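# Coordinate analysis (summary)
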Amino acid sequence: MTALRVEKLTKRYPKFTLEGVSFSLERGGIMGLIGKNGAGKSTTLKSILNLIPPDSGEIELLGRPFPENELACRQRLGVVLGGIDFYRHKRLSAITRVTRRFYRDWDQGAYERYLAEFGLDEEKKVRELSAGMRVKYLVALALSHGAELLIFDEPTSGLDPVSRDELLELFRALAAGGERSILFSTHITSDLEKCAGGITYIKDGAVLMSAEKDAFIRSFQHLRTPEDTAPLSLEEIMVRTERRSFHV
């Protein structure tokens, strides 16, 4: 089953166009969405979620057209876009009391188990949590209402290496059972090498390539020079591609 299918997604602004973005994420998969700042990653995620209504295109989430079934789909969706700094002076318990009212399948027992597993104290205020613990709290909220698709915008940005590795290990564990799928944007290519099974590369508002990770890397090896003694890494692929006008 396909967890997410995006077909010819388009959003036009006066000075930027997201043009015909298409890719798919299989159930139980982890896909990284990459591209330099301003390439269209956040616009893509927000358009998928109908936070920015797209001009055209088709979105299918967990087998159902979206946004026609937006309310039902959101019950099975977990989203982390930009953190929760707005609530930084609130206790986690207060945020949770409000959040759980929106989900008919809220499982308080599961929520308490995830708090314990992630080492979260519900009586702490958001401002008292590290960046990594804030992301884990948001993941706990998503999992407590049975989210099957998790969408993150730069979840590891600003985290120290240890916290980043912990979060990526959590991603791998969540997807391992085949019931949950993860799409996350990032500019940290080493994160993709550790956990992503697929990669979608957006350049100047269009998909340059979307493929399984190994196939993605192989497709760019013609960018190697005679001086290269090893296959190009994801970071080297991005650097060399962004330096030139290039089309696969």
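Residues numbered from 1 in each chain as written. Predicted model: local features only at pLDDT ≥ 70, side-chain atom pairs only at ≥ 80, totals over all residues. Heavy atoms only, no water.

Along the backbone of the chain there are nine helices and ten strands. Over its C-alpha trace the chain gives a radius of gyration of 19 Å, about what one expects of a compact globule, namely 18 Å for 248 residues. For the chain, the C-alpha atoms occupy an extent of roughly 60 × 40 × 35 Å along the three principal directions. Within the chain, the proportion of its 248 residues that are buried is 48%. (Helix = DSSP H or I, 4+ residues; strand = E, 2+ residues; numbered from the N terminus. Rg over C-alpha atoms; globule rule 2.2 N^0.38 Å. Buried < 20%, exposed > 50% of the residue type's maximum accessible area, 1.4 Å probe, protein only.)

The next subject is the pattern of salt bridges. Here the structure, examined in full by the defined rule, presents 14 salt bridges. Among the ionic pairs, Glu179 bridges to Arg27, the shortest N-O distance being 3.4 Å. Pair noted here: Glu179 is in the loop between α6 (161-176) and β8 (181-185) and Arg27 is in the loop between β2 (17-26) and β3 (30-34), with a separation of 152 residues, a long-range link. When the shortest N-O distance is used, the salt bridge between Lys136 and Glu166 registers 3.3 Å. Here Lys136, found in helix α5 (residues 131-144), pairs with Glu166, found in helix α6; they are 30 residues apart in sequence, far enough to count as distant. Where salt bridges share partners, they join Arg5, Glu7, Glu58 and Glu60 into one cluster. (Salt bridge = Lys/Arg side-chain N within 4 Å of Asp/Glu carboxyl O.)

All right, on to the packing of helix α4 (residues 108-118) against α5 then. Close contact between α4 and α5 brings their axes to 9 Å; oriented N to C, the two are set at 155 degrees. Considered as vectors, α4 and α5 are oriented roughly antiparallel to each other. When you trace α4 past α5, the crossing you get is right-handed. Residues Ala110, Tyr111, Tyr114 and Phe118 of α4 lie in contact with α5, whose contacting residues are Met133, Lys136, Tyr137, Val139, Ala140, Leu141, Leu143 and Ser144. For the contact of α4 with α5, the class distribution of residues is ten nonpolar, one polar and one charged. (Axes fitted to C-alpha atoms, helices over the stretch in contact; angles between N-to-C directions. Parallel < 35°, antiparallel > 145°, perpendicular 65-115°, else oblique. Left-handed = near helix turned anticlockwise from the far one by under 90°. Contact = heavy atoms within 4.5 Å. Nonpolar A, V, L, I, M, F, W, Y, C, P; charged D, E, K, R; others polar.)

Along helix α3 (residues 92-99), the positions that sit buried rather than exposed are Leu92, Ser93, Ile95, Thr96 and Thr99. The buried residues of α3 all sit within an arc of 160 degrees when viewed along its axis, so they share a single face. In the core, the buried residues of α3 are packed alongside α4 and α5. (Arc of directions from axis to C-beta.)

To continue, consider the sheet that holds strand β9 (residues 198-203). Taken in spatial order, the six strands make up an open sheet running β6-β7-β8-β3-β9-β10, and their pairing is mixed. Single-partner strands in this sheet number two, and they are β6 (77-81) and β10 (206-212). For this sheet the average axis-to-axis angle between neighbouring strands, irrespective of direction, equals 10 degrees. In the sheet, β6 pairs with strand β7 (residues 149-153) via five bridges, with the strands oriented parallel. (Pairing = 2+ DSSP bridges.)

If you trace the four strands from one edge of the open sheet to the other, you get β2-β1-β4-β5, paired in antiparallel fashion. Only two strands of the sheet have a single partner each, and these edge strands are β2 and β5 (64-66). The average angle at which neighbouring strand axes cross in this sheet is 20 degrees, direction not considered. Lying over the sheet, helix α1 (residues 41-48) contacts β1 (2-12), β2, β4 (56-61) and β5, oriented at roughly 115 degrees with respect to β1.

Attention now goes to the environment of Glu19. Mapped onto the elements, Glu19 comes out in strand β2. By relative accessible area, which is 39% here, Glu19 ends up partly exposed. Each C-alpha atom of the pair Glu19 and Leu9 lies 6.6 Å from the other, and the pair is ten residues apart in sequence. Sequence-distant contacts of Glu19, that is, excluding residues within four places in its chain, are made with Leu9, Thr10, Arg12, Gly205 and Ala206.

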